[in-house]
Amino acid sequence: MSETNATPAPTGFQYLLDKLADVVIHIAVLALLGLVVVQGWQVFARYVINDSPSWTEPVTLLLLSTAMSMGAAAGVYTNRHFGFFLLAEHINPHVRRVIDLLVPLIIAVIGGYIAWWGWVLWADGLHIKTAGANLPQSVNYLPLSIGGALMTLFALNRMLLALRPAQGAGNLAEGDR
């Protein structure tokens, strides 16, 4: 028994974006798990063996920046970011179509700014080492820059999906990737 309303499997560029989004989500999950391990070690080392390691703070900040940036990009891809979705269901279809095109454009511009300035800040601090770890002080800006670039890519894809005639002004939920 097959469904007649099933979404066709993505092909080409859309398939690559699906796989990229899966990798991004896995990186965010691994960063969160790493965060738990590093902070767990910090607490154990401080209170049990009374020898607090100095490397845990910069590593924690890097993992937090990675999880946040990759999670934000994945949220853009899956359309699980902040929005007024109930309001969108009750407005004129023509206005909704404009909004469905404008919102991803705004997200893409913001993602572009994040990517650019994250890259500038990362490059600016490469020569300065963090206290406690042999990492550049600006290392936390690299995931921010990558996440911003991914947000831009995923938002532009969302805008292209909104332009498809078959989609019209319909809801571009996760199943419509």
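Predicted model, so just to flag it, every value in this text is computed and none were measured.

Brief notes about the overall build of the protein
Here's step 1: Helix and strand counts for the protein come out as five helices and zero strands.
Here's step 2: Listing every helix and strand of the protein by position from the N terminus yields α-α-α-α-α.
Here's step 3: The buried share of the protein, reckoned over its 177 residues, is 35%.
Here's step 4: Relative to all contacts within the protein whose residues are 6 or more apart in sequence, the contacts with residues 24 or more apart total 69%.
Here's step 5: Accessible surface, the protein: about 11100 Å² in total, of which carbon and sulfur atoms supply 70%.

Digging into the nonpolar core
Here's step 1: Core analysis: the biggest nonpolar cluster contains 15 residues, and V24, A73, V76, L150 and F154 have the highest contact counts within it.
Here's step 2: For this core, the secondary structure elements donating two or more residues are α1 (13-47), α2 (56-78), α4 (93-124) and α5 (141-163).
Here's step 3: The element best represented in this core is α2, accounting for five residues.
Here's step 4: Counting residues in hydrophobic clusters, the runner-up holds five residues, among them A31, L35, L63 and A67.

Here's the deal with α4
Here's step 1: Look at α4: 47 Å from first C-alpha to last across 32 residues, which is about the 46 Å you get at 1.5 Å a residue.
Here's step 2: For α4, the full list of buried residues reads R96, D100, P104, I107, A108, G111, A115, G118 and W122.
Here's step 3: The N-terminus of α4 is capped by N92, whose side-chain oxygen sits 2.7 Å from the backbone nitrogen of H94.

What about the packing of aromatic side chains?
What describes a pair of aromatic rings is the distance from one ring centre to the other and the angle between the planes of the rings.
Here's step 1: Going through the model one piece at a time under the given rule, you end up with three aromatic pairs.
Here's step 2: Aromatic pair W41 and F44: ring centres 5.6 Å apart, planes at 35°, arrangement tilted. Separated by three residues within a single helix, W41 and F44 lie in helix α1, roughly one turn from each other.
Here's step 3: On the basis of relative accessible area, W41 is assigned to the partly exposed category, the value being 38%.

Concerning the pattern of salt bridges
Here's step 1: Per the counting criterion, the structure on display carries one salt bridge.
Here's step 2: A salt bridge links R96 to D100, with the nearest nitrogen and oxygen atoms 3.9 Å apart. Residue R96 and its partner D100 are both found in helix α4; the two are separated by four residues, about one turn of the helix. Considered together, R96 and D100 belong to a single accessibility category, that of buried residues.

Digging into the confidence of the model for the protein
Here's step 1: Per-residue confidence for the protein gives a mean pLDDT of 85, with 85% of residues at or over 70.
Here's step 2: Counting contacts from residues 167-177, a segment whose pLDDT is below 50, to residues more than four positions away or on other chains yields 29 contacts.

Quick notes on the packing of α4 against α5
Here's step 1: Between α4 and α5, the shortest axis-to-axis distance is 7 Å and the interhelical angle comes to 160°. In this view, α4 runs roughly antiparallel relative to α5, as classed from their interaxial angle. As α4 runs across α5, the sense of the crossing is left-handed.
Here's step 2: Split into classes, the residues belonging to the contact of α4 with α5 amount to 20 nonpolar, six polar and three charged.

The rules behind the values
Residues numbered from 1 in each chain as written. Predicted model: local features only at pLDDT ≥ 70, side-chain atom pairs only at ≥ 80, totals over all residues. Heavy atoms only, no water. Helix = DSSP H or I, 4+ residues; strand = E, 2+ residues; numbered from the N terminus. Buried < 20%, exposed > 50% of the residue type's maximum accessible area, 1.4 Å probe, protein only. Contact = heavy atoms within 4.5 Å. Areas by Shrake-Rupley, 256 points an atom, 1.4 Å probe, with all protein chains shown as cover. Core = buried A, V, L, I, M, F, W, Y, C linked by side-chain atoms within 4.5 Å. Expected span 1.5 Å × (residues − 1). Polar contact = N/O pair within 3.5 Å; in protein donor to acceptor, adjacent residues only side chain to side chain. Phe/Tyr/Trp six-rings, centres within 6.5 Å; stacked < 30°, edge-to-face > 60°. Salt bridge = Lys/Arg side-chain N within 4 Å of Asp/Glu carboxyl O. pLDDT = per-residue confidence, 0-100. Axes fitted to C-alpha atoms, helices over the stretch in contact; angles between N-to-C directions. Parallel < 35°, antiparallel > 145°, perpendicular 65-115°, else oblique. Left-handed = near helix turned anticlockwise from the far one by under 90°. Nonpolar A, V, L, I, M, F, W, Y, C, P; charged D, E, K, R; others polar.

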